[in-house]
Amino acid sequence: MEARAPRGTTDILPEEARLWQKIEATVREVMRAYGYGEIRTPVFEYTELFLRGVGETTDIVEKQMYTFEDQGGRSLTLRPEGTAPVVRAFVQHRLDGRALPQKLWYAQPMFRYERPQAGRGRQFHQFGAEAIGTLDPACDVEMIAIPLEVYRRLGIQRFEVLVNSIGCEVCRPAYRAELKAWLAGRLDQLCPTCRSRYERNPLRVLDCKEERCRQATEGAPAPLDHLCDECSRHLEHVTVLLRALGIEYRMDPRLVRGLDYYTKTVFEIVTDVLGAQGTLAAGGRYDGLTAAVGGKRFPAVGFAGGMERAVLALRAAGLDEAAHLDAPDVFLVCLGKEARIEGVKIAHRLRREDIASALDYSDEFDQARSMRAQMKAAGRLGARLALILGDDELARGVASIKRLSDGEQWEVSLDGVIPAVKEQLGGGGGPF
Ligand code: HAM
């Protein structure tokens, strides 16, 4: 049987990796502009972290975690998301002793056992940021502004920002009770998943995508109408700042998010170009999470965006032209054994000078392919120059440079090869 990558995982081949590099570079620039420092956490954590952090009644913990026991009998889980690990690191390394808020960003692979489809994988990648140690609504707004700035720089334009507030430990219990009472008489109209959510996580019923649940919950009490004064004020300030920045948003009273740690602000950036998996990025405030993982209480807010979904959005917008490989600047055509040795040496020197160089490889050390075959290979790779070395020319101390754009060819002395190539390339890169 032919070996295949596990279901829900993908190989990123070089052409596509170029697109990833572009997105990653943009994320890095934007994070720097916003004053976030990079954090890299382990791929696996103790399972307990996610049980306490993400929440035992969430889809992630109930059915999506890659959990295993190591040889020492400890239960470990491949991280399904980045927030709980970052908060764990904040507590463990006493980052509260540094300037607050701690502003941290990451771009890492995540793992969830989900039904794979376009834009939804079992190993996927998120870029995200967390600001821990502040209740300032300016930080809530940063978490929306950062991904928007990443998309703006990349040229992704079609999206909508959805915002809601789901209250806090003060106002949510009463709201939850009211919602449960309202839902109690309508349970038979809900899908089986929502019926089981009713006891454990009734808010989630509000954002079920099933049509029957949508209809059954029409007119259900919304968290927005049950916020305490502090939560209302916070939301008010968030929206004032969004408007001040000219960020268009829509209040979505049904937006509740699938992770348990959220308090107050929640948001999603959605697009209609990705089909069913239309959420490009999402996040919110989580003022109780540091305490839930054993630290002191620090208000915090963050977001994460899907890398695969950014790639798909770039493709959908026709902005994936970066997805071709870097062509070599120089292709060394070596005709003969001595020429092959000289070619390897010259390529080595060119590469040290950062001039991308390719050689024609041959399984027979002393047998070069024909000039025609090698020139064809140079053309296929999209090389800009061919450097032609023959044993006879070597004996004369010269090589030929051929400019592939117009076919012009001339001889240079072997000593002068590097400067001649550089001159043609205009300083080692860039177009002619
Ligand atoms: P999340 O909504 O679970 O939130 O994921 C955030 C984003 O990651 C999604 O909007 C989507 O773009 C991407 N994503 C999630 N699951 C998959 C998947 N299976 N395949 C491909 N992409 C996926 C969180 O993870 C929170 N930690 C966000 C956050 C940070 N909240 C506060 N700070």
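Anyway, here's the lowdown on the structure attached to this text. (Residues numbered from 1 in each chain as written. Predicted model: local features only at pLDDT ≥ 70, side-chain atom pairs only at ≥ 80, totals over all residues. Heavy atoms only, no water.)

As a further point, take the packing of helix H1 (residues 14-33) against helix H11 (residues 307-316). For any two helices packed against each other, one specifies the inter-axial angle together with the distance between the axes. Orientation of H1 relative to H11, taken along the N-to-C sense of each, is 110 degrees, at an axis distance of 10 Å. The pairing of H1 with H11 is recorded here as roughly perpendicular in orientation. In this structure, H1 uses Glu 16, Leu 19, Trp 20, Ile 23 and Glu 24 to contact H11, whose residues at the interface are Met 307, Glu 308, Ala 310, Val 311, Leu 314 and Arg 315. Of the residues assigned to the contact of H1 with H11, the class counts are 7 nonpolar, no polar and 4 charged. (Axes fitted to C-alpha atoms, helices over the stretch in contact; angles between N-to-C directions. Helix = DSSP H or I, 4+ residues; strand = E, 2+ residues; numbered from the N terminus. Parallel < 35°, antiparallel > 145°, perpendicular 65-115°, else oblique. Contact = heavy atoms within 4.5 Å. Nonpolar A, V, L, I, M, F, W, Y, C, P; charged D, E, K, R; others polar.)

What follows covers the pairing of strand S15 (residues 398-403). Buried residues dominate S15, accounting for 5 of its 6 residues. With 4 bridges connecting them, strand S14 (residues 385-390) and S15 associate as antiparallel partners. The residue of S15 that forms the bridge with Leu 385 is Arg 403. Where S15 lies against strand S16 (residues 409-413), 5 bridges are found, and the strand directions are antiparallel. Within the sheet, the bridge partner assigned to Val 398 lies in S16 and is Ser 413. (Buried < 20%, exposed > 50% of the residue type's maximum accessible area, 1.4 Å probe, protein only. Pairing = 2+ DSSP bridges.)

Let us look at the pairing of strand S9 (residues 263-270). Within S9, 8 of the 8 residues are buried, which leaves it mostly tucked inside the rest of the structure. Inspection of the sheet shows S9 paired to strand S10 (residues 279-285) by 6 bridges, in the antiparallel sense. What sits directly across from Val 270, in S10, is Thr 279.

Further remarks concern the state of the cysteines. For the structure shown, the criterion picks out 0 disulfides. Not engaged in a disulfide, the cysteine Cys 191 finds its nearest cysteine sulfur in Cys 213; these two sulfurs lie 3.6 Å apart. Judged by its relative accessible area of 4%, Cys 191 is buried. No disulfide involves Cys 228; its sulfur sits 3.6 Å from that of Cys 171, the nearest cysteine. (Disulfide = S-S within 2.5 Å.)

Next up on the list: the site of the ligand. Around the ligand sit 26 residues in total, of which Glu 81, Glu 114, Glu 130, Arg 257 and Tyr 262 are the nearest. Within the side chain of Glu 81, a nitrogen or oxygen atom sits 2.6 Å from a nitrogen atom of the ligand. A distance of 2.9 Å is found between a nitrogen atom of the ligand and a backbone nitrogen or oxygen belonging to Gly 121. For the ligand, whose accessible area on its own is 660 Å², the fraction buried by protein is 95%. The set of elements that each furnish at least two residues to the shell around the ligand consists of strand S6 (123-132), S10 and strand S11 (300-306). The element best represented in the shell around the ligand is S10, accounting for 6 residues. Here the residues of the shell around the ligand are counted per class, giving 10 nonpolar, 9 polar and 7 charged. (Near = heavy atom within 4 Å. Polar contact = N/O pair within 3.5 Å; in protein donor to acceptor, adjacent residues only side chain to side chain. Areas by Shrake-Rupley, 256 points an atom, 1.4 Å probe, with all protein chains shown as cover.)

This next bit is on H1. A rise of 1.5 Å per residue sets the reference length of H1, with its 20 residues, at 28 Å; its end C-alpha atoms lie 28 Å apart and thus fit the reference within 8%. Those residues of H1 that fall on the buried side of the exposure criterion are Leu 19, Trp 20, Ile 23, Thr 26, Val 27, Val 30 and Met 31. Taken around the axis of H1, the buried residues stretch over an arc of 135 degrees, which confines them to a single face. Residues of H1 that are exposed and point more than 90 degrees away from the buried face comprise Arg 32 and Ala 33. Contacts made by the buried residues of H1 are with strand S5 (102-111), S6, helix H5 (137-154), S11 and H11. After H1 finishes, the residue Gly 35 shows a positive phi value of roughly 80 degrees. (Expected span 1.5 Å × (residues − 1). Arc of directions from axis to C-beta.)

Okay, the packing of aromatic side chains next. Within the structure shown, the criterion is met by 8 aromatic pairs. Cluster of aromatic residues (ring-pair linked, three or more members): Phe 127, Tyr 151, Phe 159 and Phe 303. One residue, Lys 180, lies across the ring of Tyr 198, its end atom 5.2 Å from the ring centre. Arg 186 extends its terminal NZ or CZ atom over the ring of Trp 182, reaching a point 3.6 Å from the ring centre. (Phe/Tyr/Trp six-rings, centres within 6.5 Å; stacked < 30°, edge-to-face > 60°. Lys NZ or Arg CZ within 6 Å of the ring centre and 35° of its normal.)

The next subject is the pattern of salt bridges. The tally for this structure, following the rule as stated, stands at 34 salt bridges. For Arg 52, the salt bridge identified is with Glu 48, shortest N-O distance 3.3 Å. Within this pair, Arg 52 and its partner Glu 48 are both found in helix H2 (residues 47-53), separated by 4 residues, close to a single helical turn. Assessed through its relative accessible area of 45%, Arg 52 is described here as partly exposed. Across the pair Arg 74 and Asp 70 runs a salt bridge, and its minimum N-O distance is 3.1 Å. With relative accessibility at 41%, the residue Arg 74 sits in the partly exposed group. Given a relative accessible area of 22%, Asp 70 falls into the partly exposed group. (Salt bridge = Lys/Arg side-chain N within 4 Å of Asp/Glu carboxyl O.)

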